[in-house]
Amino acid sequence: MAKKVETVNMVDRFAEFKELKNIDKTTMISVLEESFRNVLAKMFGSDENFDVIMNPDKGDCEIYQNLEVVRDGEVVNPDKQISLSEAREIDPECEIGEDVSKQIYFEKFGRRAILNLRQTLQSKILDLQKEALTQKFKELEGEIVVGEVHQVWKREVLLLDDEHNELIMPKEEQIPSDNFRKGDMIRAVVKRVDNANSNPKVIVSRTDEAFLRRLFEQEVPEIHDGLITIRAVARIPGERAKIAVESYDDRIDPVGACVGIKGSRIHGIVRELRNENIDVISYTSNPQLFIQRALSPASISSIRLNEEEKKAEVFLHPDEVSLAIGKGGLNIRLATKLTGYTIDVYRDIEEGEEDIYLDEFADEIDTWVIEQLKNIGLGTAKSVLNATPEKLEQADLEEDTIAHVLEVIKAEFED
């Protein structure tokens, strides 16, 4: 009776294995056969003279041991040989020197053998599941997936997709204003699959630039259909983003198509990104015009390019400097990232106005200090002198350093 129970359990194990996702029938048969052979090799020292025939539809297998027929009383190795009289009970016409196939009933080997088989099979199933999971999500890298929040921890969130695969979203991959609760349905992009110690971990992100790209593909049919192409993306997650688009059809306005009537298309993306401001601009291969568009809403007077070093000196009316830089420097940082050019903003010197670019003071003021001032839009001597204390504080410099800068500049004009 005990043997019958064990046999049924073996069949159940095969049926369970057959239902596993992402595992094809050929692989299933191969793994089952390999598991049986591993156990047979442990029991008999080798599996070379065994035939293992899988019947996955029935949930069982047949095992045959191929033995050499020898004279009665001359069996030296019962794992490889069989006496003539015993062999003729299997095949009445067999002769000495031939091989006969003796069927082996695995369940008769006892509980230990069956337990060994199950453990081997479970181990191989686990390896196969890990391999299938890795392969599946490697192919989904850069694509949007939807998961239900299963657990929220301090440093990461655990999501489960519709097949109950685990997806991990670390804190740095979450938009700063994201606030998840158990049961929430979340969209994110598959960033990578970590496979440390053969234990795959699917990392998803809502801060990656690919997430913004895929959201536009979902919301804007012209992008999905290839009529509009996303040429560049720059993001500061949860704050602001710039996206450059281009249309291959002159009849389609790429910016208008992305924004939609009364902002209908972009509003959904903005909500998904927790009210992240998105500037959509029309891409151009003309670097000067592209930089000008990237610095919108600022109005630029002129641009001086160094294409070899990918640097741009941008001159603006004093009133436009703060617009070009943006709150906290967001606008100029995004424009730099979007265009690939390092952008320095300068206050345009009006005719008859005497001024000096800060770079001229490099022998008296450290270069890094000059760069800090230029980063907040103070690229000339007069702009520094006219700046308020609050404005100078944005450069994140020591008071002594600022005092030294002002002293050097004032001395220049006094001379």
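Heads up: the structure comes first, above all this text.
Residues numbered from 1 in each chain as written. Predicted model: local features only at pLDDT ≥ 70, side-chain atom pairs only at ≥ 80, totals over all residues. Heavy atoms only, no water.

(A) Molecular detail of the packing of aromatic side chains. Applying the stated rule across the entire model yields three aromatic pairs. Considering the side-chain rings of Phe44 and Phe50, the 4.9 Å spacing of their centres and the 45° angle between planes classify their relative orientation as tilted. With relative accessibility at 2%, the residue Phe50 sits in the buried group. Seen from the ring of Tyr283, Arg231 lies directly overhead, with NZ or CZ sitting 4.3 Å from the centre. (Phe/Tyr/Trp six-rings, centres within 6.5 Å; stacked < 30°, edge-to-face > 60°. Buried < 20%, exposed > 50% of the residue type's maximum accessible area, 1.4 Å probe, protein only. Lys NZ or Arg CZ within 6 Å of the ring centre and 35° of its normal.)

(B) Molecular detail of the nonpolar core. Ranked by internal contacts, the top residues of the largest apolar core, which has 26 residues, are Ile291, Leu295, Val314, Leu316, Leu338, Ile343 and Val345. Of all the secondary structure elements, the ones that give two or more residues to this core are β10 (228-236), α9 (287-294), β13 (300-306), β14 (311-316), α10 (318-325), α11 (330-339) and β15 (342-347). Take this core: its biggest share by element is five residues, from α11. Counting residues in hydrophobic clusters, the runner-up holds 25 residues, among them Ile144, Ile228, Val233 and Cys258. (Core = buried A, V, L, I, M, F, W, Y, C linked by side-chain atoms within 4.5 Å. Helix = DSSP H or I, 4+ residues; strand = E, 2+ residues; numbered from the N terminus.)

(C) Region of interest: the pattern of salt bridges. Taken as a whole, this structure holds 27 salt bridges when the rule is applied. The partner of Arg187 in a salt bridge is Glu272, with the nearest N and O atoms 3.2 Å apart. In this pair, Arg187 is assigned in strand β8 (residues 185-194) and Glu272 in helix α8 (residues 264-272), connecting sequence segments 85 residues apart. We classify Glu272 as buried; its relative accessible area is 17%. Arg265 is the salt-bridge partner of Glu222, the closest N and O atoms lying 2.9 Å from each other. (Salt bridge = Lys/Arg side-chain N within 4 Å of Asp/Glu carboxyl O.)

(D) Representation of the side chain of Lys374 within the structure. One can find Lys374 in helix α12 (residues 367-375). Take Lys374: its relative accessible area is 4%, and that puts it in the buried class. Reaching out from Lys374, the side chain makes a polar contact with the side chain of Tyr346 at a distance of 3.3 Å. Apart from the residues lying within four places of it in its own chain, the contact partners of Lys374 are Asp344, Val345, Tyr346, Asp359 and Gly379. (Polar contact = N/O pair within 3.5 Å; in protein donor to acceptor, adjacent residues only side chain to side chain. Contact = heavy atoms within 4.5 Å.)

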